[in-house]
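Architecture and fold: a report
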Amino acid sequence: MTANTSILGSVSNENMSVVAHKAFMLKRRIILALATEGDCTIADLSRILSVSNPTITKLVGELIREGYVRDLGKIETGGGRRPCAFGLVSDSGYFLGVTILDDTLCFGVIDLNKNTVTVQKDVPFAYGTNAQFVDNLVERIGEFIAALGGARDKILGMGITVKGRVDAASGVIYNTMNADGFPLARIVTEKTGLETIVENDTRAMTYAEYLSGGSGGVQNALFINVGRGIGVGIIVRGKLYYGKSGFSGEFGHIPFFDNEKICQCGKKGCLETEASGMALETIFAERMREGASSILSDKFLRGETVTMHDIIEAAKNDDVLSIDLITGIGEKLGRGISVLINLFNPELVVIGGPLSEVGDYLMLPIRTALNKYSLRLVTRDTTLRLSSLGDTAGVLGAALLTRNRMLGIL
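Scope of this entry: the structure provided in the associated data block. (Residues numbered from 1 in each chain as written. Predicted model: local features only at pLDDT ≥ 70, side-chain atom pairs only at ≥ 80, totals over all residues. Heavy atoms only, no water.)

With that out of the way, let us pick up the overall build of the chain. Counting its secondary structure elements, the chain contains 14 helices and 15 strands. Taking 410 residues into account, the globule formula puts the C-alpha radius of gyration at 22 Å, and the chain, at 24 Å, falls close to it. Overall size of the chain, expressed as C-alpha extent along the three principal axes, is 80 × 50 × 40 Å. Going through the 410 residues of the chain one by one, you find that 50% of them count as buried. When contacts within the chain are restricted to residue pairs at least 6 apart in sequence, those whose partners lie at least 24 apart make up 60%. Taking the 42 positively charged and 45 negatively charged side chains of the chain as two groups, their mean positions are separated by 8 Å. (Helix = DSSP H or I, 4+ residues; strand = E, 2+ residues; numbered from the N terminus. Rg over C-alpha atoms; globule rule 2.2 N^0.38 Å. Buried < 20%, exposed > 50% of the residue type's maximum accessible area, 1.4 Å probe, protein only. Contact = heavy atoms within 4.5 Å. Lys, Arg positive; Asp, Glu negative; His and termini not counted. Charge placed at Lys NZ, Arg CZ, Asp CG, Glu CD.)

Attention now moves to the packing of aromatic side chains. Taken as a whole and judged by the stated rule, the model has 6 aromatic pairs. On the basis of an interplanar angle of 80° and a centroid distance of 5.6 Å, the ring pair of Phe 125 and Phe 133 is categorised as edge-to-face. Residue class for Phe 125 comes out buried when judged on its relative accessible area of 7%. Arranged with centres 5.3 Å apart and planes meeting at 35°, the rings of Tyr 127 and Phe 133 form a pair that is tilted. Aromatic rings pair up to connect Phe 125, Tyr 127 and Phe 133 into one cluster. Arg 335 extends its terminal NZ or CZ atom over the ring of Tyr 373, reaching a point 5.3 Å from the ring centre. (Phe/Tyr/Trp six-rings, centres within 6.5 Å; stacked < 30°, edge-to-face > 60°. Lys NZ or Arg CZ within 6 Å of the ring centre and 35° of its normal.)

On to the pattern of salt bridges, then. Across all of its chains, the model carries 22 salt bridges by this definition. Residue Glu 62 pairs with Lys 27 through a salt bridge whose shortest N-O separation is 2.8 Å. In this pair, Glu 62 sits in helix α3 (residues 53-66) while Lys 27 sits in helix α1 (residues 18-37), placing the two residues 35 residues apart along the sequence. The class for Lys 27 is buried, based on a relative accessible area of 8%. With a shortest N-O distance of 3.1 Å, Glu 274 and Lys 332 are connected by a salt bridge. Here Glu 274, found in helix α7 (residues 272-275), pairs with Lys 332, found in helix α11 (residues 320-344); they are 58 residues apart in sequence, far enough to count as distant. Since its relative accessible area comes to 12%, Glu 274 is described here as buried. A network of salt bridges, in which partner residues are shared, links Lys 27, Lys 58, Glu 62 and Glu 66. (Salt bridge = Lys/Arg side-chain N within 4 Å of Asp/Glu carboxyl O.)

This part is about a nonpolar patch on the surface. A cluster of nonpolar residues, Val 339, Leu 343 and Phe 344, forms a patch on the protein surface that exposes about 280 Å² of accessible area. Structurally, Phe 344 is set in helix α11. Given a relative accessible area of 37%, Phe 344 falls into the partly exposed group. (Patch = residues over 30% accessible without salt bridge, like charges linked within 9 Å, V, L, I, M, F, W, Y side chains within 5 Å. Areas by Shrake-Rupley, 256 points an atom, 1.4 Å probe, with all protein chains shown as cover.)

What follows deals with helix α14 (residues 393-407). Helix length check: α14 (15 residues) gives 21 Å between terminal C-alpha atoms against 21 Å at 1.5 Å per residue, within 8%. For α14, the buried fraction is high: 14 of the 15 residues fall into the buried class. Following α14 by one or two positions, Gly 408 adopts a phi angle in the positive range, close to 85°. (Expected span 1.5 Å × (residues − 1).)

Counting along an α-helix, one turn takes 3.6 residues, and residues three or four places apart therefore face a common direction. For helix α10 (residues 308-316), every residue scored as buried is listed here: Met 308, Asp 310, Ile 311, Ile 312, Ala 314 and Ala 315. Against α8 (277-289), α9 (297-301), α11 and α12 (360-373) lie the buried residues of α10. Remark: Asp 318 follows α10 within two positions and exhibits a positive phi of approximately 65°.

Glancing now at empty space enclosed by the protein. The tally for this structure, following the rule as stated, stands at 1 cavity of 30 Å³ or more. Taken together, Thr 206, Glu 209, Tyr 210, Ser 215, Ala 221, Leu 222, Phe 223, Ile 235, Leu 348 and Val 350 form the lining of the largest cavity. When residues of the lining of the largest cavity are traced back to their parent elements, those giving at least two are α6 (201-212), β11 (221-226) and β14 (348-352). (1 Å grid on protein atoms, 1.4 Å probe; cavity = no way out; pocket = protein on both sides within 12 Å on 5 of 7 lines; lining within 4 Å. Points joined across faces, edges and corners; volume = space filled by probe spheres on them.)

Working note: regular strand, side chains alternate between the two faces of the sheet. With 5 of 5 residues buried, β14 lies mostly within the body of the structure. The alternating pattern of β14 places Leu 348, Val 350 and Gly 352 and Val 349 and Ile 351 on opposite faces, both of which are buried. Relative to β14, β11 runs parallel, the two being bridged by 5 bridges. Across the sheet, residue Phe 223 finds its bridge partner in β14, namely Val 350. With 4 bridges connecting them, β14 and strand β15 (residues 383-386) associate as parallel partners. (Pairing = 2+ DSSP bridges.)

Another point: the pairing of strand β5 (residues 104-111). Summarising burial for β5: 8 of the 8 residues are buried, a large majority. A two-sided burial pattern is seen for β5, the buried positions comprising Thr 104, Cys 106, Gly 108 and Ile 110 on one face and Leu 105, Phe 107, Val 109 and Asp 111 on the other. Relative to β5, strand β4 (residues 94-100) runs antiparallel, the two sharing 7 bridges. Opposite Thr 99, over in β5, you have Cys 106 as the bridge partner. Between β4 and β5, which pair antiparallel in sequence order, lie 3 residues. Relative to strand β6 (residues 116-124), β5 runs antiparallel, the two being bridged by 6 bridges. Across the sheet, the residue bridging to Gly 108 is Val 119, located in β6. Here β5 folds back onto β6 in antiparallel fashion, the turn holding 4 residues, of which Lys 114 has a positive phi close to 75°.

Shown next, in the form of structure tokens:
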């Protein structure tokens, strides 16, 4: 079967009769119910959807023949005739996630039941001009899909994450390339034929961590993405918070410091100027020029750029300078997170992104700062932990957001 042209495809069909369209929509609602509630009996689906048992029975039978639903057999009850349970066929449809990083791409695929099918990291990628950016992106996507074999025809949709400001509703991106307002979702949809959404990287990471990172029962959470910049994803009452224009989460651009350092946003004193991976690179270079020593000294003295990732790896290898600088970053970042905790009073704060790879070298100074700067009554019920998904959070979040939007969950 070709899932992406059937039940989860477009709902607008001028040639479809009223009766057929009603049945089509009810099938989508059945799939949605099974996706959100898990395995159900006919009686369960009838109650959830407020549709008669005979109608549900007929439509479930059609969905079984179409390959979307499977009969799980009879289940035990308290007495009487045992009913059959039904569930989704996991491999009847797939959702593709794509994360655009500085010079690489990451791909991930999940199935209809949110199981991770495959992840491919560190695919080389170059931005170039806007036209080259799109052509390169579409080419890499095509190569990845081709390698999926038979599964490629079951991809129902695709989610792409980028850094910077994103209007997720329209799929337009800002300040990521050389254009202020680029309709990436529309262009990629046209070029690939796959329904495509675009989302900010931090929000996608937040969503994955919330759904798949062991955060069960939490309704209010913050995800701090610490890379070369700093972003925050916000969960309020179990839902992603976007703000009025969809640009919430610009945590790194709070004017936190009284300094003359110009941020990449063009303003001075932003949190990112002293508490980000970009700041870490700058401070490292300054310390080296002052005569400090590091296992990265030779690379620096050769005139090569020492990146955030180099410093992270050096810290993992017990480089004293790298550990010292990351500890300073953690203390400043912790002060900023204290402000967020005092404002939002979250149940959970998750630290993710590249800098989180150093573990306690970052987390311990953050905890110390939280104890020092946040209000005890506000923070006492807040759990702080590292991301459990690591560098797969973004790509899994992109796929999960695509799945749930197409199913109508979002």
